[in-house]
Amino acid sequence: MALLPRWSESKSFPTRLILVALVCDPIGFAAGYLLAPDFGVEPILGGVYGLVAASFPVSLLVMREMNRQ
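Procedures and definitions
Every chain begins its residue count from 1, and numbering advances along the sequence as written. In keeping with the predicted nature of the model, local features appear solely for residues at pLDDT of at least 70, side-chain atom pairs appear and are counted solely at 80 or more, and the whole-chain, interface and lining totals rest on all residues. The side-chain figures draw on all heavy atoms in the structure; neither hydrogens nor water molecules are used. Each helix corresponds to a stretch of at least 4 residues labelled H or I by DSSP, and each strand to a stretch of at least 2 residues labelled E; elements are numbered beginning at the N terminus. For the exposure calls, accessible area comes from a 1.4 Å probe over protein chains only, and a residue counts as buried if that area is under 20% of its type's maximum, exposed if over 50%, partly exposed in between. Contacts between residues were defined by any pair of non-hydrogen atoms, one from each residue, lying within 4.5 Å. Values of accessible area rely on a 1.4 Å probe in the Shrake-Rupley scheme; residue burial ignores everything except the protein chains shown. Neither His nor the chain ends contribute to the count of charged residues, in which Lys and Arg are positive and Asp and Glu negative. Charged side chains are reduced to one point each, which is NZ for Lys, CZ for Arg, CG for Asp and CD for Glu. Per-residue confidence from the predictor is reported as pLDDT, which spans 0 to 100. In this analysis, rings of Phe, Tyr and Trp, with Trp reduced to its six-membered ring, are considered paired at centre separations within 6.5 Å, and the interplanar angle assigns stacked below 30 degrees, edge-to-face beyond 60, and tilted for intermediate values.

Counting secondary structure elements, the protein chain contains 3 helices and 0 strands. Ordered by position from N to C terminus, the α and β elements of the protein chain give α-α-α. Across the 69 residues that make up the protein chain, the buried fraction comes to 16%. A separation of at least 24 residues holds for 48% of the contacts in the protein chain among residues at least 6 apart in sequence. Carbon and sulfur atoms form 74% of the exposed surface of the protein chain, whose accessible area is close to 5,200 Å². Treating the 5 positive side-chain charges of the protein chain as one cloud and the 5 negative ones as another, the clouds have centres 19 Å apart.

Mean pLDDT over the protein chain works out to 88, with 93% of the residues at or above the 70 mark. Helix H1 (residues 3-9) is the least confidently modelled element of the protein chain, averaging 69 in pLDDT, while helix H2 (residues 13-35) averages 92, the highest of any element.

This paragraph deals with the packing of aromatic side chains. For the structure shown, the criterion picks out 1 aromatic pair. Pairing phenylalanine 29 with tyrosine 33 gives two aromatic rings, centres 6.0 Å apart and planes at 25°, and the pair type is stacked. With a gap of 4 residues between them, phenylalanine 29 and tyrosine 33 both fall in helix H2, about one helical turn apart.

All right, on to the environment of serine 59 then. Turning to its location among the elements, serine 59 is positioned in helix H3 (residues 43-68). Sequence separation between serine 59 and leucine 17 is 42 residues; the distance between their C-alpha atoms is 9.4 Å.

Shown next as structure tokens:
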């Protein structure tokens, strides 16, 4: 696990931001889309909720970068 943080720290901030979004957004949408019917919500709306939840790691990355400066 130590390899991944060291690899990501060597990248610029915009690159890390894009990588996190590319990984988290599809996972969040798919999870929301697939889990929505279990909660009585339309699948597409569940996908939107999943995208909102997937923005949390991106927000954490931005806040962490702002604290460094």
